[in-house]
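Breakdown of the fold
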Number of protein chains: 2
Amino acid sequence: MNEQIGRIDGGMPADSALSVEAFLTPQGELPAASDCPVRDVLDRLGDAWSFLVVLRLAPAPMRFNALKRAVGGVSQRMLTVTLRSLERDGLVNRKVFPTTPPQVEYSLTQLGFTLVRPMAELTRWASDHHASVRQARAEYDAGAA
Amino acid sequence: MNEQIGRIDGGMPADSALSVEAFLTPQGELPAASDCPVRDVLDRLGDAWSFLVVLRLAPAPMRFNALKRAVGGVSQRMLTVTLRSLERDGLVNRKVFPTTPPQVEYSLTQLGFTLVRPMAELTRWASDHHASVRQARAEYDAGAA
DNA sequence: CAGTATCCTCCTCGATACTG
DNA sequence: CAGTATCGAGGAGGATACTG
């Protein structure tokens, strides 16, 4: 069912050009998220850590603690969990060097690299429009009061 | 595909839309997520509903229950919460028609439309690589057993 | 260094009931 | 139709302690 979904196109100013319908159920009956690729991806990338980890690994491979410091604010447990997830999804490579103390290097797989581009677009949007969002929030909150 | 990736590196920002470093803390010391635009955006879009709602509103405005059916699987409460969030962030417009019964129409703002494009890119990635991810998972799980 | 194991706490989210 | 209010279960995720 999800074979032809592509076709986002790339020229128009947003409202047309987007065959968004294809990603979603025509009648929206089913409650299941399992058959929707969008959901599947977002469930992974949704947690802030996955996104940031992939971004951080894009320039160069990194070891566990370096990554932990680089990401900032992530607990050891969550970083481990996140990396396992990404590894399982084939986005991240885990390479162990049997030295003492042990070294483990994480890097993006080829599949992982293909994600960097779209993620960077979103990141770019974030930096471009962050101010607008903040302002909109401020106005909304002001109006509510 | 990797040839593009080198430009991600912070070494040469130039015109690049993809200087990832800029969004992240140099030393990653601070635990706060507040100052990072990436986090800010992802926290919004992270919940599957926001993403799907924006996608659904891209082609045309929609009323509450139509949206609820279209998204599928979202509870009334979560849709309300999600829409309020998006409205607060200036991404969605809420227009009330004082009829009986009341009609409320939701649509994307101009700012909201600018998000559609990057979101569609990610969606596109999802549909393109969904199979690979599923396979990677299967292999990983097989190896674990 | 790079984890694993446990506990424990919020906080999200769904279910349900009520309203203009 | 389009919400709001309230409650309760469940899971995400932090803190801590231990290990190869």
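Notes on the packing of helix H1 (residues 37-46) of chain A against helix H1 (residues 37-46) of chain B
Put simply, H1 of chain A and H1 of chain B touch, their axes get as near as 10 Å, and they point 140° apart. When the axes of H1 of chain A and H1 of chain B are compared, the pair comes out oblique. As H1 of chain A packs across H1 of chain B, the resulting crossing turns out to be left-handed. Taken together, the residues of H1 of chain B that come into contact with H1 of chain A (itself represented by Leu-42, Leu-45 and Gly-46 of chain A) are Leu-42, Leu-45 and Gly-46 of chain B.

A closer look at the pairing of strand S3 (residues 103-108) of chain B
Residue and element names in this part refer to chain B. Sheet topology note: the strand S1 (residues 62-63)/S3 ladder contains 2 bridges and is antiparallel. When the sheet's bridge partners are listed, Arg-63 is paired in S3 with Glu-105. Where strand S2 (residues 92-97) and S3 come together, 6 bridges link them in antiparallel fashion. Along S3, the bridge assignment pairs Phe-97 with Gln-103. Where S2 folds back on S3, the antiparallel hairpin that results is connected by 5 residues.

Re the protein's contact with DNA strand D
Lining the immediate surroundings of DNA strand D are 17 residues, of which Ser-75 and Met-78 of chain A together with Gln-76, Arg-94 and Tyr-106 of chain B lie closest. Near the protein, within 4 Å, the atoms of DNA strand D are sugar or phosphate in 64% of cases. At a separation of 2.8 Å, a phosphate oxygen of DNA strand D approaches a polar side-chain atom of Ser-75 of chain A. Residue Arg-84 of chain B places a side-chain N or O atom 3.1 Å away from a phosphate oxygen belonging to DNA strand D. Broken down by secondary-structure element, the contributors of at least two residues to the surface near DNA strand D are helix H4 (76-88) of chain A together with helix H3 (64-71), helix H4 (76-88) and S3 of chain B. The greatest single-element share of the surface near DNA strand D, amounting to 4 residues, is contributed by H4 of chain B. Partitioning the surface near DNA strand D into residue classes produces 7 nonpolar, 5 polar and 5 charged.

Re the confidence of the model for chain A
Close inspection of predicted coordinates is inappropriate for parts of the model with low pLDDT. Considering every residue of chain A, the mean pLDDT works out to 80; 76% of them sit at 70 or more. Across residues 1-34 of chain A, where pLDDT falls below 50, the model places 56 contacts with residues more than four positions away in sequence or in other chains.

Quick notes on the environment of Gln-103 of chain A
Locating Gln-103 of chain A in the fold gives a position in strand S3 (residues 103-108). You can call Gln-103 of chain A partly exposed: its relative accessible area is 29%.

Side note on the protein's contact with DNA strand C
Every one of the 16 residues lining DNA strand C counts as a neighbour, but Arg-63, Gln-76, Arg-94 and Tyr-106 of chain A together with Met-78 of chain B are closest to it. Protein-adjacent atoms of DNA strand C, using a 4 Å cutoff, are sugar or phosphate at a proportion of 64%. At 2.9 Å from a phosphate oxygen of DNA strand C is found a side-chain nitrogen or oxygen belonging to Arg-63 of chain A. Residue Gln-76 of chain A places a side-chain N or O atom 2.3 Å away from a base nitrogen belonging to DNA strand C. Looking at the surface near DNA strand C residue by residue, the class counts come to 7 nonpolar, 4 polar and 5 charged.

Here's the deal with the sheet that holds strand S2 (residues 92-97) of chain A
If you walk across this open sheet you meet the 3 strands as S1-S3-S2 (chain A), and the pairing is antiparallel. If you trace the sheet from one side to the other, it starts and ends with strand S1 (62-63) and S2 of chain A, each paired once.

Side note on the sheet that holds S2 of chain B
All names here are of chain B. Across the sheet, which stays open at both edges, the 3 strands sit in the order S1-S3-S2 with antiparallel pairing between neighbours. Bordering the open sheet on either side are S1 and S2, each of which pairs with just one other strand. Here helix H2 (residues 48-57) sits on the sheet in contact with S1, S2 and S3, set at roughly 95° to S3.

A look at unusual backbone geometry
Here Thr-100 of chain A and Pro-101 of chain A are connected by a cis peptide whose omega angle stands at 0°. Among the structural elements, Pro-101 of chain A can be located in the loop between S2 and S3.

Observations regarding the environment of Val-81 of chain B
Residue and element names in this part refer to chain B. With respect to the helices, strands and loops of the structure, Val-81 is situated in helix H4. Taking the relative accessible area as the measure of exposure, Val-81 reaches 38% and is therefore partly exposed. On a C-alpha basis, the gap between Val-81 and Ser-50 in space is 9.7 Å, while along the polypeptide they are 31 residues apart.

Cut-offs and rules
Residues numbered from 1 in each chain as written. Chains lettered and ligands numbered in written order. Predicted model: local features only at pLDDT ≥ 70, side-chain atom pairs only at ≥ 80, totals over all residues. Heavy atoms only, no water. Axes fitted to C-alpha atoms, helices over the stretch in contact; angles between N-to-C directions. Helix = DSSP H or I, 4+ residues; strand = E, 2+ residues; numbered from the N terminus. Parallel < 35°, antiparallel > 145°, perpendicular 65-115°, else oblique. Left-handed = near helix turned anticlockwise from the far one by under 90°. Contact = heavy atoms within 4.5 Å. Pairing = 2+ DSSP bridges. Near = heavy atom within 4 Å. Polar contact = N/O pair within 3.5 Å; in protein donor to acceptor, adjacent residues only side chain to side chain. Nonpolar A, V, L, I, M, F, W, Y, C, P; charged D, E, K, R; others polar. pLDDT = per-residue confidence, 0-100. Buried < 20%, exposed > 50% of the residue type's maximum accessible area, 1.4 Å probe, protein only.

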